[in-house]
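# Per-entry structural report
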Amino acid sequence: MPKNLFDLMKYHSSLHSMKIILTNDDGIDALGINSLFETLSKKHEVYMIAPDRQRSACSNAITIHDTVKLKKTDSRKYSLSGFPADCVNFGLCSGIFPEPDLVISGINHGPNMGDDIYFSGTVAGARAGYIHFRSAIAASFESFTDFSQISNASEFICEFAEEKIQKESSNFFFNINYPSIDKSKIKGIKLTQLGKRKYVDRYDFILENSEFKEYRLEGIVDSIHKEGSDVTELSKGYISITPLHLDTTDYTYFKRAQ
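Attention here is on the structure that accompanies the text. Position numbers for residues count from 1 along each chain, tracking the sequence in the order it is written. For this predicted model, a pLDDT threshold of at least 70 governs which residues receive local features, and a threshold of 80 or more governs which side-chain atom pairs are given and counted, while totals over whole chains, interfaces and linings are taken from all residues. The side-chain numbers reported here are obtained from all heavy atoms of the structure, hydrogens and water having been left aside.

### Remarks on the overall build of the protein chain
For the record, the criterion: Only DSSP runs of H or I reaching four residues or more are called helices, and only runs of E reaching two or more are called strands; each is numbered from the N terminus. The globule rule is 2.2 Å times the number of residues to the power 0.38, and the radius of gyration it is compared with is taken over C-alpha atoms. Exposure classes here rest on a 1.4 Å probe applied to the protein chains alone. A residue is buried below 20% of its type maximum, exposed above 50%, and partly exposed in between. We call two residues in contact when some of their heavy atoms are within 4.5 Å. In this description, accessible areas are obtained by the Shrake-Rupley approach with a 1.4 Å probe, and a residue is regarded as covered only by the protein chains that are shown. In this charge count, Lys and Arg are treated as positive and Asp and Glu as negative; neither His nor the chain ends contribute. For charged residues, the charge sits on one atom: NZ in Lys, CZ in Arg, CG in Asp, CD in Glu.
From N to C terminus, the protein chain includes 8 helices and 11 strands. Relative to the 2.2 N^0.38 estimate, which gives 18 Å for 258 residues, the radius of gyration of the protein chain is 19 Å and therefore close to what a compact globule would have. Along the first, second and third principal axes, the C-alpha atoms of the protein chain reach 65 × 50 × 45 Å. Taken across its 258 residues, the protein chain has 48% of its residues classed as buried. Of the contacts formed within the protein chain by residues at least 6 apart in sequence, a portion of 75% connects residues at least 24 apart. As displayed, the protein chain offers around 13400 Å² of accessible surface, 50% of which is attributable to carbon and sulfur atoms. Mean positive and mean negative side-chain charge positions of the protein chain (30 and 34 charges, respectively) differ by 4 Å.

Rendered as structure tokens:
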């Protein structure tokens, strides 16, 4: 992969406008998704459909026993009383939106690396699109609090999506983690494998009454650094791009079972 992001992100003037479904797990009012909506909408027909509240770490949850409520909040912006996967399913299957060329989920506040992809609502939003035979991108920003570089992240994701839609001959599913540093300090782009996360969890007691005890999940997330992984390359100042797929079969077991 080229080390200079400008070498890779070559915008083609012949690119036709794409139809894009945009979602997230931080909710309809989150800065990341609205920054990306603004950037993508300069060139493309974007339909934002996002959860009406914070839905982080919901994975691929979907609503099947209750109704979902759709609310139009602005031009081509909609909130849904469900999860990111609900939003994408609704966007693809309700008949309300045009058939999209691409599904993008993000920009998430905070990274999604390694084992995070199994818990992440952001990655699940993109995965839902890929399950429905659409190209999909999950995008996350390294910082939870400093969003001074979020517009640069939005520009990169827009250019990356344009380049891949033109170049790839089949559907793709990428997980992108963008570092929270000045654009001039980014070392380049790395195609990475998933790293390994360590979740040091605990449940703090909150209160007790005659019916139940209440606890809150707390703890920290640590990482195992392995060369070539998203965890390691993001920490070095690279934009990490991990190609994903759906098949989690343990093929090595077939060999062991013989």
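The discussion continues.
### With respect to the environment of Asp146
Rules: In protein, a polar contact means a hydrogen-donor-capable atom and an acceptor-capable atom, both N or O and within 3.5 Å, with residues adjacent in sequence counting only if both atoms are side-chain atoms; elsewhere, any N or O pair within 3.5 Å suffices.
By secondary structure assignment, the location of Asp146 is in the loop between strand S6 (136–141) and helix H6 (150–167). Ignoring any residue separated from it by four or fewer positions in sequence, one finds Asp146 in contact with Phe141 and Ser180. A distance of 2.9 Å separates polar atoms of two side chains, one belonging to Asp146 and the other to Ser148.

### Some details on the state of the cysteines
Note the threshold: Criterion for a disulfide: a pair of cysteine sulfur atoms at a distance within 2.5 Å.
All chains considered together, the criterion is met by 0 disulfides. Free cysteine Cys58: the closest other cysteine sulfur is in Cys87, separated by 9.1 Å.

### What about helix H2 (residues 31–40)?
Most of H2 is tucked away: 7 of the 10 residues are buried. The inward-facing, buried residues of H2 abut strand S1 (19–23), strand S2 (45–51), strand S4 (77–80), strand S5 (102–109) and H6.

### Concerning a nonpolar patch on the surface
Put simply, the rule is: Grouping into patches uses exposed residues only, defined as over 30% relative accessible area, and leaves out salt-bridged ones; the cut-off is 9 Å for like charges and 5 Å for nonpolar side chains (Val, Leu, Ile, Met, Phe, Trp, Tyr). Note on definitions: salt bridges are taken to be side-chain nitrogens of Lys or Arg within 4 Å of carboxyl oxygens of Asp or Glu.
Together, Tyr203, Phe205, Tyr215 and Leu217 give the surface a local cluster of nonpolar side chains, amounting to about 470 Å² of exposed area. Residue assignment for the nonpolar patch shows that the elements contributing at least two residues are strand S9 (196–208) and strand S10 (213–224). Turning to its location among the elements, Tyr215 is positioned in strand S10. We classify Tyr215 as partly exposed; its relative accessible area is 44%.

### A look at the packing of aromatic side chains
Applicable threshold: Stacked, tilted and edge-to-face are the three classes assigned to paired rings of Phe, Tyr and Trp, where Trp is represented by its six-membered ring and a pair needs centres within 6.5 Å; plane angles under 30 degrees give stacked, over 60 edge-to-face, the rest tilted. Our definition puts a charge over a ring when NZ of Lys or CZ of Arg is within 6 Å of the ring centre and also within 35 degrees of the ring normal.
Under the criterion given, the structure shown has 12 aromatic pairs. A ring pair is formed by Tyr47 and Phe97, whose centres lie 5.7 Å apart and whose planes are at 50 degrees; its orientation type is tilted. You can see Tyr47 sitting in strand S2 and its partner Phe97 sitting in the loop between helix H3 (84–93) and S5, a full 50 residues away along the chain. Taking 6.1 Å as the distance between ring centres and 40 degrees as the angle between the ring planes, the aromatic pair formed by Tyr251 and Phe254 counts as tilted. Of this pair, Tyr251 and Phe254 are both found in helix H8 (residues 251–257), 3 residues apart, which corresponds to roughly one turn of the helix. Linked through ring pairs, Phe141, Phe147, Phe156, Phe160, Phe172, Phe174 and Tyr178 together constitute an aromatic cluster. Taking the ring centre of Phe83 as reference, the NZ or CZ of Arg55 above it sits at 4.4 Å. Over the face of the ring belonging to Tyr238 we find Lys190, whose NZ or CZ atom lies 4.0 Å from the ring centre.

### A short note on the environment of His132
Among the structural elements, His132 can be located in the loop between helix H5 (121–131) and S6. For the pair His132 and Leu92, spaced 40 residues apart in sequence, the C-alpha to C-alpha distance is 8.1 Å. Leaving out residues up to four positions away in the same chain, His132 has contacts with Asn89, Leu92 and Cys93. Here the side chain of His132 touches Asn89 through a polar contact of 3.1 Å, side chain to side chain.

### A few points about the packing of H3 against H5
The criterion, for reference: Each axis is a line fitted through C-alpha atoms, taken for helices only over the stretch in contact, and angles between the N-to-C directions span 0 to 180 degrees. Relative orientations are named as follows: roughly parallel for angles under 35 degrees, roughly antiparallel for angles over 145 degrees, roughly perpendicular for angles from 65 to 115 degrees, and oblique for any other angle. For a crossing to be left-handed, the near helix must be turned anticlockwise from the far one by less than a right angle; the clockwise case is right-handed.
Packing of H3 against H5 brings their axes to within 7 Å, and their N-to-C directions diverge by 25 degrees. One element, H3, and the other, H5, form an angle in the roughly parallel class. As for how H3 packs across H5, the hand of that crossing is right-handed. Contacts from Pro84, Ala85, Val88, Asn89 and Leu92 of H3 reach H5 at Gly121, Gly125, Ala128 and Gly129.

### Some points on the nonpolar core
We count it as follows: We define a nonpolar core as any set of buried Ala, Val, Leu, Ile, Met, Phe, Trp, Tyr and Cys residues linked to one another through side-chain atoms lying within 4.5 Å.
With 34 residues, the main nonpolar core has Ile104 and Phe156 as its most contacted residues. Mapped by element, the contributors of at least two residues to this core are S1, H2, S2, S5, S6, H6, strand S7 (173–178) and strand S11 (238–243). Sorting elements by how many residues they give to this core places H6 first, with 7 residues. Formed by 20 residues, the second largest nonpolar core is a distinct cluster that contains Ile21, Val88, Ala138 and Phe173.

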